[in-house]
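# Breakdown of the fold
Here is what each chain is made of, one letter per residue.
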Amino acid sequence: MKELVEVIAKSLVDNPDEVLVTQTETDKAIVVELRVAQSDMGKVIGKQGRIAKAIRAVVKAASSQEDKKVVVEILQ
């Protein structure tokens, strides 16, 4: 999941070098944290959160084979 989020985020932003993705796994969930440059936050979130929702939908579809819930958090 980490690689998928990283590829999507780097294709959206102006500063792909500043994209940082970390993945934490617990018993029931996988948490993927996405950090981008402050100037690129709008590009990752999108108008009314549409891009963020689309990223989460793609990750959810990709993780459908796993028994764990995948959560994508966009952080500053």
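Residues numbered from 1 in each chain as written. Predicted model: local features only at pLDDT ≥ 70, side-chain atom pairs only at ≥ 80, totals over all residues. Heavy atoms only, no water.

This part is about the overall build of the chain. Counting secondary structure elements, the chain contains three helices and three strands. Beginning at the N terminus, the succession of helices and strands in the chain can be written as α-β-β-α-α-β. Its C-alpha atoms give the chain principal-axis dimensions of roughly 35 × 20 × 15 Å. Counting the 76 residues in the chain, one finds 33% classified as buried. Across the chain, contacts joining residues at least 24 apart in sequence account for 55% of those joining residues at least 6 apart. Each charge class in the chain can be summarised by its mean position, and for the 12 positive and 12 negative side chains these summaries are 9 Å apart. (Helix = DSSP H or I, 4+ residues; strand = E, 2+ residues; numbered from the N terminus. Buried < 20%, exposed > 50% of the residue type's maximum accessible area, 1.4 Å probe, protein only. Contact = heavy atoms within 4.5 Å. Lys, Arg positive; Asp, Glu negative; His and termini not counted. Charge placed at Lys NZ, Arg CZ, Asp CG, Glu CD.)

Taken together, the buried positions of helix α1 (residues 2–12) are occupied by Val5, Ile8 and Ala9. Viewed along the axis of α1, the buried residues span an arc of 95°, placing them on a single side of the element. Exposed residues pointing more than 90 degrees away from the buried face of α1 are listed as Glu3, Val7 and Ser11. Those residues of α1 that are buried lie in contact with β1 (20–25), β2 (29–35), α3 (50–62) and β3 (69–75). (Arc of directions from axis to C-beta.)

Once that is clear, we can look at the nonpolar core. The biggest cluster of nonpolar side chains holds 19 residues, and the ones touching the most others in it are Val5, Val19, Val32, Leu34, Val36, Val44 and Val59. At the level of secondary structure, the elements contributing two or more residues to this core comprise α1, β2, α2 (41–45), α3 and β3. (Core = buried A, V, L, I, M, F, W, Y, C linked by side-chain atoms within 4.5 Å.)

Here we have three strands laid out as an open sheet, ordered β1-β2-β3, and mixed in their pairing. For this open sheet the edge positions go to β1 and β3, each flanked by a neighbour on one side alone. The average angle at which neighbouring strand axes cross in this sheet is 20°, direction not considered. In this structure, β2 lies alongside β3, joined through seven bridges in parallel fashion. Each bridged residue has a counterpart across the sheet, and for Val32 the counterpart in β3 is Val72. (Pairing = 2+ DSSP bridges. Axes fitted to C-alpha atoms, helices over the stretch in contact; angles between N-to-C directions.)

Attention now moves to the packing of α1 against α3. Packing of α1 against α3 leaves a shortest axis separation of 10 Å and a crossing angle of 155°. Comparing the axis directions of α1 and α3 gives the class roughly antiparallel. Like other packed secondary-structure pairs, α1 and α3 cross with a definite hand, here right-handed. Contact residues: Leu4, Val5, Ile8 and Leu12 in α1; Ile51, Ile55, Val58, Val59 and Ala62 in α3. In terms of residue class, the contact of α1 with α3 is built from nine nonpolar, no polar and no charged. (Parallel < 35°, antiparallel > 145°, perpendicular 65-115°, else oblique. Left-handed = near helix turned anticlockwise from the far one by under 90°. Nonpolar A, V, L, I, M, F, W, Y, C, P; charged D, E, K, R; others polar.)

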